[in-house]
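What the coordinates show
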Amino acid sequence: MFKKKLLATSIMLALMPGMALAQQQAEDENAAQQEESSDAMEVIQVSGIRGSLNKGLAEKRGSVQIVDAIIAEDIGKFPDNNVVEALQRVTGVQTTGRGAGEVTTVSIRGLTDVHTTVNGRNIFTGSGRDVSLQDIPASLLSGVTVYKTRSADHVERGIAGSIDIKTHRPFNFEGEKVVLAARGIYSDQPDEIDPNISALVSNRWDLDGAGEFGALLNVSYAETHYRDDTITAGAAFPFFTDQPATGYSPYSRIPNRDSQGNLIWQGGREDGLPTEPGSTLNVDGVPTEYLVARDAIFGTSFTGLRKRPAASVSLQWALDETLEITAEGFYTGYENNSQNALWFSNTFENGNGSIDAPVIFDGTNVVKEKQAIGAGGFQSGDSNAEKTDSYLYALGAEWLPNDYLTINTEVVYQESEYESDFFAMRFDRVAPGLDVDFNNNDGIPGISFWDDPDTAVNEADMAAVENWNAGTLYDNGDGNRGDSLAFTFDAEYLVGNAYINKVKFGGRYEDRTAEAFTRTQESGIANTSVASLIEQLAEGGASDDGSGVVYQVDDYLDGRADVFDSFITTDGGYLLNNASVIRDIYGLEAEDVYKTFDIQEESYALYATTNFFLTENISGELGVRYVEYKQDMAFTAETGTNTNVFESSSAKADASKVLPSLMLNWNITDDVVGRVAYTETLRMPAFADLNALQYWTDPLTEGATYGEGTGGNPDLEPTESKNYDLSLEWYFADSSSIYGAYFKREIEGLVVPGRKTVVREGNDGVTRPYVLSAPVNASNGELSGFELGAVYFPENLPSMLDGLGVQASFTLLDSSQNTPDYDEEGNISNYIDSNMAGVSDESYSIVGIYERDSFDMRLSYVWRSEFYTGNEAAIFANPLQFWNRPEQSLDFQFSYDVTDDFVVTFDATNILDDVFQSYYGEGNDNLFNFSNGVYSRTFALGVRYSF
């Protein structure tokens, strides 16, 4: 009821100003503003790549804040699939996460906490605080502005910066406009061609005395088939040498505690266990040498089909030159059906018989190669059917009641819902034996299985149905949703005296809800071969003779690893389509989801800014913003798997903050601009991190002595950042510029996992220790760096070279974070200095451009150095941190104008076709190599017709 009243009130406020208009004053004011704008900045009207770069430089130069901007070369002609890919070439922006056929993660100056708006409006996905940027297709964009500093009139969230996505509006065009575009995109890994289509229709009409009205519809649809193959050397444990402690076997795994219950070794150390030759552990009071070895090796072939519809609707009505009303809708959809085919093998001794001594990395006690007899393993076919729908509706008005005052008011409603159904079934076995090299080729492991010559089936064949038994079934589902009603009011008053140009003030109110849902059950099936399972499926009425439950991966890793070529898993899609039959076989019933958290959050913000002049050439903006958040939270959790027993909890929280900002701009010459800024921003805790309840998982690895627990923390506070920026920009030609910036971020209250050990009875009835991780504000960090960017089109070149240009950027970062280490009781034992997650020390991009009257082309190269990405579960002997090796990407775009209205395009991505790799612990890329991923190259042909 409250939301409906607020919506009605907001609409009235948006429309009431039209009752008292001063048309002549508004015309004079508009003319004066246009003249002032033309004096401040000349925009060179050039089409194509050069024109878009020029417009971006013009926005950068004319902004009070430190920004970078990208502008569409033409309607529907962003040479990228989504917003994240379009941002790769922006100075100070780094992207990563190239899996599943697209780039997914963006950071500004090394930090991933990026606040996103669409046409200045806050936007989110599901129960999150941010939007999934990859869901927004580039075909809907007119431009993107990256704010590296923020005015007090901006939403305060996002310590990294803010990205404002601009869509097309009808008043952006002189009259009728229609644009149709289509591309066919070939991906080499799945060997599929996918469509990417878009259309824009816009027009504006004179209403004969009632002003002017415009309407625009922009729609987009894209499909993507993808395939990512990976191979991973698993986590490490300490193992005995050939001289074990009394009562233990040679090369067996060392338990966490000895026979007296004393701690032998603790997992989850930042640096892992010592790896020097001869290092010892105290076992039953005796110093005993040990080896550090991986306990497993595994890999995946992740395939799927993703569909993304999107639409933008914009209606504009200018009653006259003093009042304009805008109504807009924005929709993004996401549907993804994926199959993750996983194989997993233990690599430690689990049988009787002699094995060769392991091969050790030189100068360490770390095992490089070894054998194992009787190693257990499983294959798993994991299917996930996901769907997201997000809607945003806005109604607002801009009113100029006189020459000096502008009032903007808007009401925005948005809702977003995500749901997922997950089915997985394991095939398992005990292999006769194996040889494994954890680093066979520059971080890529290799493995081969033995065949027992006395058996009729080749037991080394990972694709032979006869080698496998039906294992555990996992039947899960989850979802989340959020909605928001927000009201904004902004007023700007032109003072126009010698020192103060204008003042601006306003406020924002938002009523936000966030909910999450889940269901989970699992069951085993004893003494059942896969062949027998197929028979039971057929008898139970499955969709075919039951053989469809088997899914085979071929051409695994495309020959890049010393490993088998084919393997089988369950077909997860088949499981979903025959869910009732599968559940009957495993003795399960369909379950409904239950709500895990329900959070209502109210937030308020008030701000005021003033734009001032200190001298004719030195100006600035001084502002302050006050924000307050109040949260009412309820949580529910099932106490164990398949128990149907639940516990509940509730909590309340609030936070408030005053955030000052100061920006100084100095027009040093007509072509050189310097800027200095101080701002404060914050990051609110993720809703999921506030969950007060705890969830427990029994050990997944055979023989492991620790389980895992996760939970949230309703007492989390916002992470706060003090930001210092200094920039210098030289606009030395119409379409050329060099710009550099130094920046520093002092961040307090970073959320990191707190850890402690809890002894409890597991879901399997075994009492054991569990390592519980829960988020805490227990870390501070600092990020500083320098960025340099340039756009250069040489003049007076020979005619054949005219149109050559370059766009380049370089970012140098230095980050530090005091990460806590914990003892078993959860106390902080010491702090370890580490890098901040996601931060590469160096990154650069260089774009070669060649543009002629009828065609243009662009070759883009992006590189970033190694970077820390997060932590492993705190139960292993290897270093805790995950790091990614350096990443690079080479992309190409070409466009040919057949006529003025008809354009043909070609583009290619991930041309270098690298293996993307990660590892444990800084500097350990070969000693503790981890994952290796092979992703798709894409090649696309497209056409675009406009009239």
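Residues numbered from 1 in each chain as written. Predicted model: local features only at pLDDT ≥ 70, side-chain atom pairs only at ≥ 80, totals over all residues. Heavy atoms only, no water.

**Some thoughts on the packing of helix α5 (residues 530-539) against helix α7 (residues 579-586)**
Our working rule: For helices, the axis comes from a line fit to the C-alpha atoms of the stretch in contact; other axes are also lines fit to C-alpha atoms, and the angle between any two N-to-C directions lies between 0 and 180 degrees. Helix and strand assignments come from DSSP, with helices taken as H or I runs of at least 4 residues and strands as E runs of at least 2, each series counted from the N terminus. With respect to orientation, any angle under 35 degrees is reported as roughly parallel, any angle over 145 as roughly antiparallel, any angle of 65 to 115 as roughly perpendicular, and every other angle as oblique. Left-handed describes a crossing whose near helix is turned anticlockwise from the far helix by less than a right angle; the clockwise case is right-handed. The contact definition used throughout considers only heavy atoms, calling two residues in contact when any of these lie within 4.5 Å. Each residue receives one of three labels: charged for Asp, Glu, Lys and Arg, nonpolar for Ala, Val, Leu, Ile, Met, Phe, Trp, Tyr, Cys and Pro, and polar for the others, Gly being one of them.
As a packed pair, α5 and α7 sit with axes 10 Å apart at the nearest point and diverge in direction by 120°. As judged from the angle between their axes, α5 and α7 are oblique. Note that α5 runs across α7; the crossing there is right-handed. Between α5 and α7, the contacting residues are Leu 533, Gln 536 and Leu 537 on the first element and Val 581, Ile 582 and Ile 585 on the second. Broken down by class, the residue content of the contact of α5 with α7 amounts to 5 nonpolar, 1 polar and no charged.

**Describing the pairing of strand β27 (residues 672-683)**
Quick reminder of the rule: Only protein chains enter the accessibility calculation, which uses a 1.4 Å probe; a residue whose area is less than 20% of its type maximum is buried, one above 50% is exposed, and one in between is partly exposed. For two strands to be treated as a pair, DSSP must find no fewer than two bridges joining them.
Judged by how many residues are buried, β27 sits mostly within the fold: 9 of 12 residues are covered. Here strand β26 (residues 646-667) pairs with β27 via 7 bridges, running antiparallel. Bridge pairing links Met 663 to Ala 677 in β27. In this antiparallel pair of consecutive strands, β26 and β27, the connection spans 4 residues. Judged from the 12 bridges that link them, β27 and strand β30 (residues 719-733) form a sheet pairing that is antiparallel. Note that in β30 the partner of Arg 675 across the bridge is Ser 727.

**Thoughts on the side chain of Glu 621**
In plain terms, the rule: By the counting scheme adopted, Arg and Lys are positive, Glu and Asp are negative, and His together with the chain ends is not counted. Basic side-chain nitrogens of Lys or Arg form a salt bridge, by our definition, when they fall within 4 Å of a carboxyl oxygen of Asp or Glu. Polar contact is the term for a pair of N or O atoms within 3.5 Å; when the atoms are in protein, one must be able to donate a hydrogen and the other to accept it, and sequence-neighboring residues count only if both atoms are side-chain atoms.
As for its placement among the helices and strands, Glu 621 is situated in strand β25 (residues 618-638). Despite its burial, Glu 621 pairs with no opposite charge, the nearest such side chain being Lys 502 at 6.6 Å. Among the polar contacts listed, one links the side chain of Glu 621 to the side chain of Ser 151, at a separation of 2.7 Å. With residues near it in sequence (within four places) discarded, Glu 621 still touches Val 64, Gln 65, Ser 151, Ala 152, Thr 609, Thr 610, Asn 611, Phe 612, Ser 661, Leu 662 and Met 663.

**Topic: α7**
By the criterion of burial, α7 is predominantly enclosed, with 6 of the 8 residues buried. All of the buried residues in α7 are Ala 579, Val 581, Ile 582, Arg 583, Ile 585 and Tyr 586. Buried residues along α7 sit in contact with β18 (405-441), β20 (469-494), β21 (500-523), α5 and α6 (572-577). Following α7 by one or two positions, Gly 587 has its phi on the positive side, about 70°.

**Thoughts on the confidence of the model for the protein**
Should pLDDT be low for a region, the predicted coordinates there are not to be read in detail. This is how the line gets drawn: The predictor reports its confidence for every residue as pLDDT, a score running from 0 up to 100.
Per-residue pLDDT for the protein has a mean of 88; in total, 93% of the residues score no lower than 70. Confidence drops under a pLDDT of 50 for residues 1-46, and excluding neighbours within four residues, the segment shows 53 contacts in the predicted structure.

**What to know about a nonpolar patch on the surface**
Defined as follows: Patches here are clusters of residues that have more than 30% relative accessible area and form no salt bridge, with a 9 Å joining cutoff for like charges and a 5 Å cutoff for nonpolar side chains (Val, Leu, Ile, Met, Phe, Trp, Tyr). To be clear on the numbers: accessible area is Shrake-Rupley with a 1.4 Å probe, and residue cover counts the displayed protein chains and nothing else.
A surface patch of nonpolar side chains, about 940 Å² in accessible area, is lined by Val 676, Leu 726, Trp 730, Ile 738, Tyr 742, Phe 786, Leu 788, Phe 810, Leu 812, Tyr 844 and Ile 846. Taken together, the elements giving at least two residues each to the nonpolar patch come down to β30, β31 (736-761), β32 (767-792), β33 (804-822) and β35 (842-851). Structurally, the position occupied by Trp 730 is in strand β30. Residue class for Trp 730 comes out partly exposed when judged on its relative accessible area of 43%.

**Quick notes on α5**
Test applied: Along the arc lie the directions from the helix axis toward the C-beta atoms.
Along α5, the positions that sit buried rather than exposed are Val 530, Leu 533, Ile 534 and Leu 537. Burial along α5 is one-sided: seen end-on, the buried residues are contained in an arc of 100°. Relative to its buried face, α5 has exposed residues pointing more than 90 degrees away, namely Glu 535 and Glu 539. One or two residues past the end of α5 sits Gly 541, with phi positive at roughly 95°.

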